[in-house]
Amino acid sequence: MKPMKILHTGDWHLGKIVHGIHMTEDQKYVIDQIIQCVEKEQPDVVIIAGDLYDRSVPPKDAVELLNDALTAICVQQNTPVLAISGNHDSADRLGFGASLFRGQQLYIHTEIGQALTPITLEDGAGAIDFYAVPYTEPEEVAAFFEDDHIDTHHKAMERMVQEIEATMNTNHRNIFIGHTFLRGGEETESEERLTVIGGTPYVEAELLDSFDYVALGHLHQAQKITSPHLRYSGSILKYSFSEANHQKSITLLEIDEHQKVECEKIPLHPRRDMRIVEGYFNDFIEERVIRKTEDYLHIQLLDDGQINDPVSRLRELFPNILRLERKNFFTQQSLTDIQQMKERQTMTHEELFAAFYKEIKGEEMPKERERYVYKWIQSLMKEERNH
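Conventions used here
Residues numbered from 1 in each chain as written. Predicted model: local features only at pLDDT ≥ 70, side-chain atom pairs only at ≥ 80, totals over all residues. Heavy atoms only, no water. UniProt positions renumbered as here; feature names shortened; annotations may be inferred. Pairing = 2+ DSSP bridges. Helix = DSSP H or I, 4+ residues; strand = E, 2+ residues; numbered from the N terminus. Axes fitted to C-alpha atoms, helices over the stretch in contact; angles between N-to-C directions. Buried < 20%, exposed > 50% of the residue type's maximum accessible area, 1.4 Å probe, protein only. Right-handed = clockwise from strand over helix to strand, strands pointing away. Salt bridge = Lys/Arg side-chain N within 4 Å of Asp/Glu carboxyl O. 1 Å grid on protein atoms, 1.4 Å probe; cavity = no way out; pocket = protein on both sides within 12 Å on 5 of 7 lines; lining within 4 Å. Points joined across faces, edges and corners; volume = space filled by probe spheres on them. Nonpolar A, V, L, I, M, F, W, Y, C, P; charged D, E, K, R; others polar. Contact = heavy atoms within 4.5 Å. Polar contact = N/O pair within 3.5 Å; in protein donor to acceptor, adjacent residues only side chain to side chain. Parallel < 35°, antiparallel > 145°, perpendicular 65-115°, else oblique. Phe/Tyr/Trp six-rings, centres within 6.5 Å; stacked < 30°, edge-to-face > 60°.

You'll find the protein chain entered in an unreviewed UniProt entry as Nuclease SbcCD subunit D, with Gracilibacillus halophilus YIM-C55.5 given as the organism. On record in UniProt, under Sequence similarities (unreviewed entry), the comment for the protein chain is "Belongs to the SbcD family." Looking at the Function (unreviewed entry) heading of the UniProt record, one finds this comment for the protein chain: "SbcCD cleaves DNA hairpin structures. These structures can inhibit DNA replication and are intermediates in certain DNA recombination reactions. The complex acts as a 3'->5' double strand exonuclease that can open hairpins. It also has a 5' single-strand endonuclease activity."

(A) Focus on the sheet that holds strand β17 (residues 321–326). Pairing in this open sheet of three strands is parallel, and the strands run β15-β16-β17 from one edge to the other. Here the strands that pair on one side only, and so sit at the sheet edges, are β15 (274–279) and β17. For this sheet, the mean angle separating the axes of adjacent strands, direction not counted, is 15°.

(B) Focus on the pairing of strand β4 (residues 45–48). With burial as the criterion, each face of β4 is covered, one bearing V45 and I47 and the other bearing V46 and I48. The pairing of strand β1 (residues 4–9) with β4 spans four bridges and is classified as parallel. Within β4, the residue paired with H8 across the bridge is I47. This β-α-β element, β4 to helix α2 (residues 60–76) to strand β5 (residues 81–84), shows right-handed connectivity.

(C) Looking closely at the pattern of salt bridges. Counted under the stated rule, the structure contains 21 salt bridges. The partner of R272 in a salt bridge is D26, with the nearest N and O atoms 3.1 Å apart. You can see R272 sitting in the loop between β14 (261–267) and β15 and its partner D26 sitting in helix α1 (residues 24–41), a full 246 residues away along the chain. The partner of D295 in a salt bridge is R275, with the nearest N and O atoms 3.1 Å apart. Residue D295 is located in the loop between α8 (281–285) and β16 (296–301), and its partner R275 is located in strand β15; the two are separated by 20 residues in the primary sequence. Of the residues examined, D295 reaches a relative accessible area of 14% and is grouped as buried. In the salt-bridge network here, residues are joined through shared partners; they are E25, D26, R271, R272 and E294.

(D) The arrangement of empty space enclosed by the protein in detail. Scanning all chains against the criterion turns up one cavity of 30 Å³ or more. If you add up the space inside the largest cavity, you get close to 100 Å³. Residue lining of the largest cavity: V133, P134, Y135, T136, H153, A156, M157, M160, G178, H179, T180 and V203, and that is the complete set. The element that contributes the greatest number of residues to the lining of the largest cavity is helix α7 (residues 153–167), accounting for four residues. Tallied by class, residues from the lining of the largest cavity come to seven nonpolar, five polar and no charged.

(E) Focus on the sheet that holds β1. Spatial strand order, β6-β5-β4-β1-β13-β14: six strands in an open sheet with mixed pairing. Two strands lie at the open edges of the sheet, namely β6 (106–109) and β14, each paired on one side alone. Between one strand axis and the next, the sheet turns by 20° as a mean value, whatever way the strands run. Against the sheet, α1 contacts β1, β4, β13 (249–255) and β14, and its axis sits at roughly 175° relative to β1.

(F) Just the side chain of N320, in detail. Relative to the helices and strands, N320 is located in the loop between α9 (310–315) and β17. Of note is the side chain of N320, whose polar atom sits 2.6 Å from the backbone oxygen of E294. Those residues in contact with N320 that lie beyond four places of it in its chain are R272, E294, D295, Y296 and L297.

(G) Seen up close, the packing of α1 against α2. At a minimum axis separation of 10 Å, α1 and α2 run at an interaxial angle of 5°. When the axes of α1 and α2 are compared, the pair comes out roughly parallel. Contacts between α1 and α2 involve T24, Q27, K28, I31, I35 and V38 from the former and D61, L65, A69, A72 and I73 from the latter.

(H) A look at the packing of aromatic side chains. A full pass over the atoms with the stated rule returns five aromatic pairs. Ring geometry for F181 versus Y202: centroids 4.7 Å apart, planes at 80°, classification edge-to-face. In this pair, F181 is assigned in the loop between β9 (173–179) and β10 (213–217) and Y202 in the loop between β9 and β10, connecting sequence segments 21 residues apart. With 6.2 Å between their ring centres and 80° between their planes, F284 and F318 make a pair best called edge-to-face. Within this pair, whereas F284 is found in helix α8, its partner F318 is found in the loop between α9 and β17, the two being separated by 34 residues in sequence. Given a relative accessible area of 0%, F284 falls into the buried group. Taken together, the aromatic side chains of Y131, F176 and F211 make up a single cluster linked through ring pairs.

(I) Up close: the environment of Y232. The residue Y232 is located in strand β12 (residues 227–232) in this model. Look at Y232 and you get buried, because its relative accessible area is 1%. Each C-alpha atom, one on Y232 and one on L219, is 6.7 Å from the other, the two residues being 13 residues apart in sequence. A distance of 2.8 Å separates the side chain of Y232 from the backbone oxygen of T180, its partner in a polar contact.

(J) Broad picture of the pairing of β6. Burial along β6 is two-sided: L106 and I108 facing one way and Y107 and H109 facing the other are all buried. By the bridge criterion, four bridges tie β5 to β6 in an arrangement that is parallel. Paired with A83 across the bridge in β6 is I108.

Put into structure tokens, the structure is as follows:
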């Protein structure tokens, strides 16, 4: 009996700007590959696990690109698409017209209530229930269930999974679609850290053990967490130099009537790669380090002496230099300063404010002020997502 074939992708981040460069042209290049994959593999359904856009108010060309992609998949290829909003998306905007889109086999979940009712698809082996759970802040889940004890992402996910499991049909195959940060996942600099107070942003993976496959978005590295059936598809492009060593891909999986899942990574090939390269200035000029290219580059120069206008001269060969640094100069900086920079890159908004408060006031922030700052930051972030 033929298993159901599912294409899992996510974190498109349409409208993304990297070091001042609009990535729309590069994104179209890889999305065309995804559409070609749909044409070739003929999956029964395509999953987009959140962060379709990079910001709550996407630019016009990003909206047009998403419209063209969904039209190609849903209408031209007659393939259902199941999508959820991520932490970069505006749930209100992405969810507009969702009830109408269902007629074209486009299912977009942006609300907690939608997550509790499965989208059921059939194949020769019977029904598969897809639980499409959009990104939500803990206080939104607390308000929905009227439970003030929900104050972390883990508790929020735990409550939603409990509600799902209470009515789950165990005779069906069950697939979870989510946009979250499972503990053990590998982060990059590209992901916006999830908000948190008094705990961590992580969700424990064992919460999702009752599902036959877990299709995740949020982390940009394609990876499995604890077991092969819990997977991040990763982003479709490299969006920071911390991802320079990634091989971007989409995940093609098959699930048979016995809940057995087989996964395959299908590589995506960018129009322009993102690379970190080092060498001496003259070696770059004479193309002994790398050949002339339009790839996005972080160049680390090893020279000690003065160089006259290196950026202009290098850009004659490498027009897309996004970052240039003198590596030897950088390594002479205080190790303490470097460690502080790394630590701040991993801090939440609340932790950064608390560190600033301590630096200015010379004392820890009082707990009552922590709660006030948390509510204030949450309000600002919610306002940003809805604009």
